[in-house]
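# Structural overview
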Amino acid sequence: MLDIKLLRSNPEKIKEALKQRKADAASFGKFAEIDSEWRKLTLEIDELRARRNKASESQAKDGKELREKIKELEEKKRTAEEQLNLILLQIPNIPDSSVPAGKSAEDNVEIRRSGKPPCFTFTPKPHFEIGEKLGILDFERATKVSGSRFVILKGLAAKLERALINLMLDTHTKENGYTEVFPPILVNTKSMQGTGQLPKFEEDLYHCSDDLWLLPTAEVSVTNIHREEILSINDLPLKYCAYTPCFRREAGSYGKDVRGLIRQHQFNKVELVKFTEPEKSFAELEKLTLDAEKILQKLGLHYRVVELCAADLGFASAKTYDLEVWFPSQGRFREISSCSNFEDFQARRALIKFRRDAKAKPEFVHTLNGSGLAVGRTLAAIMENFQKEDGTFEIPEVLNAHL
RNA sequence: GGAGGAGUACCCAAGUGGUUCAAGGGGACGGUUUGCUAAACCGUUAGUGGGAGCAAUCCCAGCGAGAGUUCGAAUCUCUCCUCCUCCGCCA
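Chain A carries the name Serine--tRNA ligase in an unreviewed UniProt entry, which gives candidate division WOR-1 bacterium RIFOXYC2_FULL_46_14 as its organism. According to the UniProt record, the Subunit (unreviewed entry) comment for chain A is "Homodimer. The tRNA molecule binds across the dimer."

This is the structure in structure tokens:
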């Protein structure tokens, strides 16, 4: 959520910024109108209430009339407030000034590369062929059990999945200084609103009974750990890592990546989340990205870091680096991690603040997160990059300690 | 799921319709004293959100959340949430 004061004082700046990310500026066309209506009502109500307070002090009898008038105006104010809130919750974050302009994902900027693509003396196979042939990936039965875009990992694949999770968690906790948490996987509506999944992206989410939602990413429950809290500056930066399954409906991606582990309704991910002071968040984003990269380096996978252009940024993000890993069967890089600085966008929605010292006014923290990494895609990348002509694949040395 | 109980500010806590437009204590912060620390004493302390104003400042909201009754609600009524105790069920 953006600062409402910014919307009042400088709407043009925001409209300009939103154009960059192809968001519709029309979404808050009525903002000014409704906002001034709201302020007018607020003033009127406050004055009436002041009069009522005076009247009740002297036990005068004209309070009834005032009460009815107040009730009427409050009703109107509530309506305006709801509309205003809906507008505010649907406006995306403003891209940071360092973010490159662009029209689409084509305009993302490569920042750096690590390693080299593997050379094959044969035509490399896609991971799902390798896995099905080895009997360790079973898409057919998973479809029977659940539906399309599900998989059953069997034997070595299941074991590798677990080893990867452990490698990631151990690296982030022991080497990168994150605190491991295992959060709820079902969350309430307020949490989904806090990080920005709702109200706008309901169609991407699984909604359960009792008004609970399945996590699309651990970002939601981990960031909301500190919702409506005032943190001490001594605790910053707070760094958490969490392994959770993630659930996405993938509405609107029919026909995309239909085969294999790349795009599943359920997948495992290790997530990194940080809470920082505003002036440190961009430096922390660089570090967080390096933390995620470290896993790919340990596994010996070829990857590149890409800075997303304004048009490709996620709803809540001010700046994002994607890590993309090489997939030999496709001859291209695919996203395996996304590391973002949300600045105070999520903190404002979720009311996460900190105090610089005992007397200071609370300020919003900055929140960041990144995948460290998407586990299924990592497994797929290992199978493809380290495959041998006989249809088997090598297991990176570093995983042995975790198998 | 059933039956009870509770939720007041950073913490503990008084308060069942109008000098409580939220006592008291602890803590925290500031000060006096002191070579330093502690103690003692004095003072400050609901944070927050919102509105008006160039500003000093003024006003409004707020006792778990929301609605209601009333001239007036922490206090009465209803709904919901959370926690605790007992019973039942359960990995």
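Alright, that's what it looks like, and here's the rest.
### Things to note about the UniProt feature "binding site: L-serine" (unreviewed entry) in chain A
In this structure's numbering, the residues bearing the UniProt feature "binding site: L-serine" (unreviewed entry) are Thr217, Ala218, Glu219, Arg248, Glu271, Asn369 and Ser371. In this structure, threonine 217 sits in the loop between strand 7 (212–214) and helix 9 (218–223). Non-local contacts of threonine 217, meaning those with residues more than four positions away in its chain, are made with Gln197, Cys246, Arg248, Lys269 and Glu271. Polar contacts involving the side chain of threonine 217 include one to the main-chain amide nitrogen of glutamate 219, which spans 3.0 Å. Of note, asparagine 369 is situated in strand 16 (residues 366–374). With relative accessibility at 4%, the residue asparagine 369 sits in the buried group. A polar side-chain atom of asparagine 369 sits 3.4 Å from a polar atom in the side chain of glutamate 219.

### Quick word on the sheet that holds strand 7
Taken together, three strands build an open sheet; the order of strands is 5-7-6 and the sheet is antiparallel. Two strands close off the open sheet at either side, each with one partner strand: strand 5 (186–188) and strand 6 (207–208). As defined by bridge partners, strand 6 adjoins strand 7 across two bridges and the pair is classed as antiparallel. From the neighbouring strand, histidine 207 faces strand 7, where its bridge partner is tryptophan 213.

### Let's talk about the domain arrangement of chain A
Domain assignment breaks chain A into domain 1 (4–88) and domain 2 (105–402). The centre of domain 1, based on its C-alpha atoms, is set 40 Å off from the matching centre of domain 2.

### Quick notes on the environment of threonine 223
By secondary structure assignment, the location of threonine 223 is in helix 9. Threonine 223 gets classed as buried once you look at its relative accessible area, which sits at 1%. Considering only alpha carbons, one finds threonine 223 and phenylalanine 275, 52 residues apart in sequence, at a separation of 8.2 Å. Non-local contacts of threonine 223, meaning those with residues more than four positions away in its chain, are made with Thr195, Val273, Phe275, Gln346, Ile352 and Thr367.

### Here's the deal with the protein's contact with RNA strand B
Around RNA strand B there are 23 residues in total, and Arg8, Asp46, Arg67, Arg78 and Lys353 lie nearest to it. Among all atoms of RNA strand B positioned within 4 Å of the protein, those belonging to sugar or phosphate total 79%. In this structure, a sugar or linking oxygen belonging to RNA strand B sits 3.2 Å away from a side-chain N or O atom of arginine 49. Breaking the surface near RNA strand B down by element, the ones donating at least two residues are helix 3 (31–57), helix 4 (63–90) and strand 14 (352–355). With 10 residues, the single largest contributor to the surface near RNA strand B is helix 3. Classifying every residue of the surface near RNA strand B by side-chain character gives five nonpolar, five polar and 13 charged.

### A short note on the packing of aromatic side chains
This structure, assessed with the given rule, holds six aromatic pairs. Ring centres of tyrosine 240 and phenylalanine 275 lie 6.2 Å apart, and the angle between their planes is 85°; on these two criteria the pair is classed as edge-to-face. Of the two residues, tyrosine 240 is situated in strand 9 (residues 238–247) and phenylalanine 275 in strand 10 (residues 266–276); the sequence distance between them amounts to 35 residues. Under the relative-accessibility criterion, tyrosine 240 is labelled buried at 11%. Look at phenylalanine 275 and you get buried, because its relative accessible area is 0%. Measuring from centroid to centroid gives 5.6 Å for phenylalanine 315 and phenylalanine 345, while their planes differ by 80°, and the two rings are edge-to-face. With phenylalanine 315 in the loop between strand 11 (303–307) and strand 12 (319–327) and phenylalanine 345 in helix 11 (residues 345–350), this residue pair connects regions lying 30 residues apart in the sequence. Accessibility assignment for this pair places phenylalanine 315 and phenylalanine 345 in one class, buried. Counting every residue linked through ring pairs, the aromatic cluster contains Phe201, Phe315 and Phe345.

### Topic: the side chain of asparagine 341
Secondary-structure assignment places asparagine 341 in strand 13 (residues 332–341). When sequence neighbours within four positions are dropped, the list of residues in contact with asparagine 341 reads Ser281, Phe282, Leu285, Ser317, Ala318, Lys319, His366, Thr367 and Leu368.

### Focus: the environment of cysteine 339
Note that cysteine 339 resides in strand 13. On the accessibility criterion, cysteine 339 (0% relative accessible area) is buried. It is 11 Å that separates the C-alpha atoms of cysteine 339 and threonine 367, two residues lying 28 residues apart in sequence. Sequence-distant contacts of cysteine 339, defined by excluding residues within four places in its chain, comprise Leu285, Leu288, Thr289, Ala292, Lys319, Thr320, Tyr321, Asn369 and Gly370.

### What about the pairing of strand 11?
Most of strand 11 is tucked away, with four of its five residues classed as buried. Sheet topology places strand 1 (residues 109–114) next to strand 11; five bridges connect them, and they run antiparallel. When the sheet's bridge partners are listed, valine 109 is paired in strand 11 with glutamate 307. The pairing of strand 11 with strand 12 spans five bridges and is antiparallel.

What counts, and at which threshold
Residues numbered from 1 in each chain as written. Chains lettered and ligands numbered in written order. Predicted model: local features only at pLDDT ≥ 70, side-chain atom pairs only at ≥ 80, totals over all residues. Heavy atoms only, no water. UniProt positions renumbered as here; feature names shortened; annotations may be inferred. Helix = DSSP H or I, 4+ residues; strand = E, 2+ residues; numbered from the N terminus. Contact = heavy atoms within 4.5 Å. Polar contact = N/O pair within 3.5 Å; in protein donor to acceptor, adjacent residues only side chain to side chain. Buried < 20%, exposed > 50% of the residue type's maximum accessible area, 1.4 Å probe, protein only. Pairing = 2+ DSSP bridges. Domains from an automatic or database assignment. Near = heavy atom within 4 Å. Nonpolar A, V, L, I, M, F, W, Y, C, P; charged D, E, K, R; others polar. Phe/Tyr/Trp six-rings, centres within 6.5 Å; stacked < 30°, edge-to-face > 60°.

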